[in-house]
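The lines below spell out each chain.
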Amino acid sequence: MTDRKIVIPGEVIAKGDDYLPGEGTEKRNGEIFSIKFGLAEETNKLVKVIPLSGVYQPRRGNVVIGKVENVTFNGWVVDLKTADSAFLSIMEIPRYVDKEDLGSVMDIGDMLVAKIYSINKRGIDLTFKLKGLGKLEGGMIIHINPNKVPRVIGKEGSMVSLIKDETGCQITVGQNGFIWIKGNKIEDELFAKKAILYIAEHSLIHGLTDEMKNWFDKEKGK
Amino acid sequence: MTKDFKRPDGRKINELRKITAKVGVVPNADGSAMFAFGDTVAIAAVYGPKKMHPQHSQNPEKGTLRCSYNMLSFSVTERIRPGPSRRSMEISKVTEWALEPVVMIDDFKANVVDVHINILQANASTRCAGINAAAMALAHAGIPMKSLVTSVSIGKLDKQLVTDLIKEEEDWEEGEGPTDIPITLTGDGKISHIQLDGKIGRKQLEEAVELAREAGKQIHAAQEKALKEVGEKK
C-alpha cells in the first residue's frame, strides 16, 4: 500500500490506464480524479478515496444503531440519523411477536442494533436475524463522526477488543456513528467513552492501537 | 494607460485582496467554511443530504441543491433590514446555478443539500466570496463533486479591467463608469456563472474571463490549502 494522501474534489490522483477508479473517484480522459474530500489510497492498482467528513451513507450489510421513531401495524420505523428512514418489519424478528401489541416488544424511544439487509427507493430495510442484534437494554449511547468508526473498530476489531478488555465493558459499534457501551459500573462506561472519544480525536495517528495501549497504561496509573 | 492606472487601495490591476480561507468553522454543520477577500467575509454551512421538506418539493428522480444567501444586518456601514430581500433571493438562485454543474447529487433521490451563506462583513464581491466558501463547505461535507469552483469579480473602471472589485471601485464615477462582472469557473476552466452589470465589448469580455482564470488559480490554491489543513488535523 502506498502512502495515503489528502485529496480534494477535482484533484488528479493517478494517470494512465494502469489504474482502476474505485469509490470516490472518477475516470476522465485517462486520468483518475477524486470526487470527494478525503484520503486517497491505492491497493492493487485500484484507487479509492476514503471520505474524512460528512454524513453517514448507508450500505447493505452495515450493522447500525438506531432509535424507534414510530410503531406501525407491521413493524417499527427507526431513526438512524440518515436521510432515508429505516424500517424493521416483524418478519425480520427471529422470535414470536404478538401482532396486536408491537409496542410491548419495542416502543417509541427504544434503541436497537440491527443490520441493513436492503436499500431501495422506499428506504432502508433492517433485520434482527443475526447474532448480537436486537433491542438495547441499559448502558449508554454515544455518537461520534461516522467517518471515524473504522478507527474505533480497528483492524479486524483489534481496537474494540482492546477497549473491551481494558474497561470490562460490552461495546457495540454502529456504522452510523452510534456506539453502545454497557459495563458493570458507570465509571467503567465513562472510562470506555473517554477512550473512544480520544480515538475519534486522534484518528490520523499511525499505529493507533499501540498508542491506545500506552494511553490505557497512563490513565490507569493515575 | 494600463501601467499608470491607480486603484483606490493601491493594488495592481490583476491583484486580489488578501485571501483568508478556513474550513470547519461551524461545528454543528455537516460541512462549513469561511472565505474572505480582504474585509469581505462570508461563511457557508452545509447540511445534508437530508430528506426534503416540504414533501411536495421532493424530486424523486435526483437530489436538490438549495442555497440561501443572507447579508447580516451589521455587514455594511448603513444597517440593512434583516431577512430575505429581492437581491438576496436573486443571489441565492445564482449561487445554486453556479454550483450545480459541479455537485454530483443525482443519487440522493428525494433528498436535499442545504447551503447557507452568511455575509459577516461586506465590501463588494460578496456573492463571489459566498460561492468560494460554499464550494469548500460542500467538499468538507463529503458531497461528491467534479471539482471545486472559484469565483471572482472582474470590473471595468472607465476603460480599464481590474480584478476583485471593492465598494469604492463599484461606485467609479470617471469616464464610462463602473462595470461589474462576477465570474465563477469550474476546475476544468469552464464558466459556470457569469453576470454583467454595465456595458462591455466582446473583446474586452474575453480579456475579463482571462483575468478571472488567472485569479481563479490563486483562489483555488487557498481553498485547497485550507481543506488539506483540516484533513491533517483530524
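Residues numbered from 1 in each chain as written. Chains lettered and ligands numbered in written order. Predicted model: local features only at pLDDT ≥ 70, side-chain atom pairs only at ≥ 80, totals over all residues.

*Asks:* How do you make sense of the environment of Leu138(B) when you look at a structure like this?
*Replies:* Residue and element names in this part refer to chain B. Along the chain, leucine 138 turns up in helix α2 (residues 126-140). Along the chain, leucine 138 and leucine 99 lie 39 residues apart, while their C-alpha atoms are 9.6 Å from each other. Discounting residues that sit within four places of it in the chain, leucine 138 has contacts with Gly31, Val46, Val103, Val115, Ile143 and Met145. (Helix = DSSP H or I, 4+ residues; strand = E, 2+ residues; numbered from the N terminus. Contact = placed C-beta atoms within 7 Å.)

*Asks:* Please clarify how helix α2 (residues 158-167) of chain A should be interpreted in this entry.
*Replies:* Two residues of an α-helix separated by three or four positions point the same way, owing to the 3.6 residues in each turn. All names here are of chain A. Every buried residue of α2 is listed here: Met159, Ile163 and Thr167. Each buried residue of α2 sits inside an arc of 50 degrees when the element is viewed along its axis, so together they form one side. The exposed residues of α2 that point more than 90 degrees off its buried face are Ser158 and Asp165. Against α1 (149-153), β15 (170-173), α3 (186-201) and α4 (208-221) lie the buried residues of α2. Of the residues flanking the end of α2, it is glycine 168, one or two places downstream, whose phi is positive at about 70 degrees. (Buried ≥ 20, exposed ≤ 12 C-beta atoms within 10 Å, placed from the backbone. Arc of directions from axis to C-beta.)

*Asks:* Mind showing me how you'd approach the nonpolar core here?
*Replies:* Within soluble globular proteins, side chains that are nonpolar tend to cluster in buried spots. If you look at the biggest cluster of nonpolar residues, it comprises 84 residues, and the most contacted ones within it are Ala44(B), Val46(B), Ala133(B), Ala134(B), Met136(B), Ala137(B) and Leu138(B). Here this core gets 10 residues from one element, more than from any other, and that element is α2(B). Listed in part, the 35 residues of the second largest apolar core include Ala86(A), Ile171(A), Ala192(A) and Ala200(A). (Core = buried A, V, L, I, M, F, W, Y, C linked by C-beta atoms within 7 Å.)

*Asks:* What should I look at first to understand the sheet that holds strand β1 (residues 5-7) of chain A in this one?
*Replies:* Two orientations exist for strands paired in a sheet by backbone hydrogen bonds: parallel and antiparallel. Residues and elements named next belong to chain A. Taken in spatial order, the 4 strands of this open sheet run β1-β6-β7-β3, and their pairing is mixed. In this open sheet, the two strands that pair with only one neighbour each are β1 and β3 (20-21). In this structure, β3 lies alongside strand β7 (residues 46-51), joined through 2 bridges in parallel fashion. When the bridges of β7 are listed, proline 21 appears paired with valine 47. (Pairing = 2+ DSSP bridges.)

*Asks:* Would you take a moment to explain the sheet that holds strand β1 (residues 19-23) of chain B for this structure?
*Replies:* Residues and elements named next belong to chain B. In spatial order, the strands read β1-β2-β3-β5-β4; together these 5 strands make up an open sheet with mixed pairing. With partners counted over all chains shown, the strands left at the sheet margins are β1 and β4 (64-71), one partner each. Going across the sheet, the axis of each strand differs from the next one's by a mean of 15 degrees, ignoring polarity. Note that β4 and strand β5 (residues 111-121) share 8 bridges and pair parallel. If you follow cysteine 67 over to β5, its bridge partner there is valine 115. (Axes fitted to C-alpha atoms, helices over the stretch in contact; angles between N-to-C directions.)

*Asks:* Hey, could you run me through the packing of helix α1 (residues 86-99) of chain B against α2(B) in this one?
*Replies:* Think of two packed helices as two axes; the pair is described by the angle between the axes and how far apart they sit. Residues and elements named next belong to chain B. Relative to each other, α1 and α2 sit at 45 degrees, their axes nearing to 10 Å. On the basis of the axis angle, α1 is oblique to α2. For the element pair α1 and α2, the recorded crossing hand is right-handed. Residues Ile91, Val94, Thr95, Ala98 and Leu99 of α1 lie in contact with α2, whose contacting residues are Arg127, Gly130, Ile131, Ala134 and Ala135. For the contact of α1 with α2, the residue count by class is 7 nonpolar, 2 polar and 1 charged. (Parallel < 35°, antiparallel > 145°, perpendicular 65-115°, else oblique. Left-handed = near helix turned anticlockwise from the far one by under 90°. Nonpolar A, V, L, I, M, F, W, Y, C, P; charged D, E, K, R; others polar.)

*Asks:* Help me out: how do you make sense of the interface of chain B and chain A in this one?
*Replies:* How large an interface is tends to be reported as the accessible area lost when its parts come together. At the interface, 25 residues of chain B touch 15 residues of chain A. Among the elements of the structure, β3 (40-51), α2 and α4 (202-233) of chain B are those that each provide at least two residues to the side of chain B that touches chain A. Of the residues forming the side of chain B that touches chain A, the biggest block, 5 residues, is contributed by α4(B). Of the residues assigned to the side of chain B that touches chain A, the class counts are 9 nonpolar, 8 polar and 8 charged.

*Asks:* Looking at this structure, I do not really get the environment of His53(B). What am I missing?
*Replies:* Position of His53(B) relative to the elements: it lies in the loop between β3 and β4. Placed 143 residues apart in sequence, His53(B) and Leu196(B) show a C-alpha to C-alpha distance of 34 Å.

*Asks:* Where do I start with the pairing of β3(B) in this structure?
*Replies:* The two faces of the sheet receive side chains in turn, since in a regular strand these alternate between them. Residues and elements named next belong to chain B. Counting buried positions along β3 gives 10 out of 12 residues, so the element sits mostly inside the fold. Pairing analysis gives 7 bridges linking strand β2 (residues 31-37) to β3, with the strands arranged antiparallel. Paired with phenylalanine 37 across the strands is threonine 40, a residue of β3. In this sheet, β5 lies alongside β3 in antiparallel orientation, the contact comprising 9 bridges.

*Asks:* For this particular structure, what's the right way to read the domain arrangement of chain A?
*Replies:* Residues and elements named next belong to chain A. Domain parsing of chain A yields domain 1 (5-51), domain 2 (63-135) and domain 3 (140-221). Computed over C-alpha atoms only, the centres of domain 2 and domain 3 are separated by 26 Å. Of all elements in the fold, only β8 (63-72) and β11 (111-120) reach the threshold of two or more residues within the side of domain 2 that touches domain 3. Considering every element that reaches the side of domain 2 that touches domain 3, the biggest residue donor is β8, with 3 residues. Within the side of domain 2 that touches domain 3, the residues separate by chemical class into 6 nonpolar, 1 polar and 1 charged. (Domains from an automatic or database assignment.)

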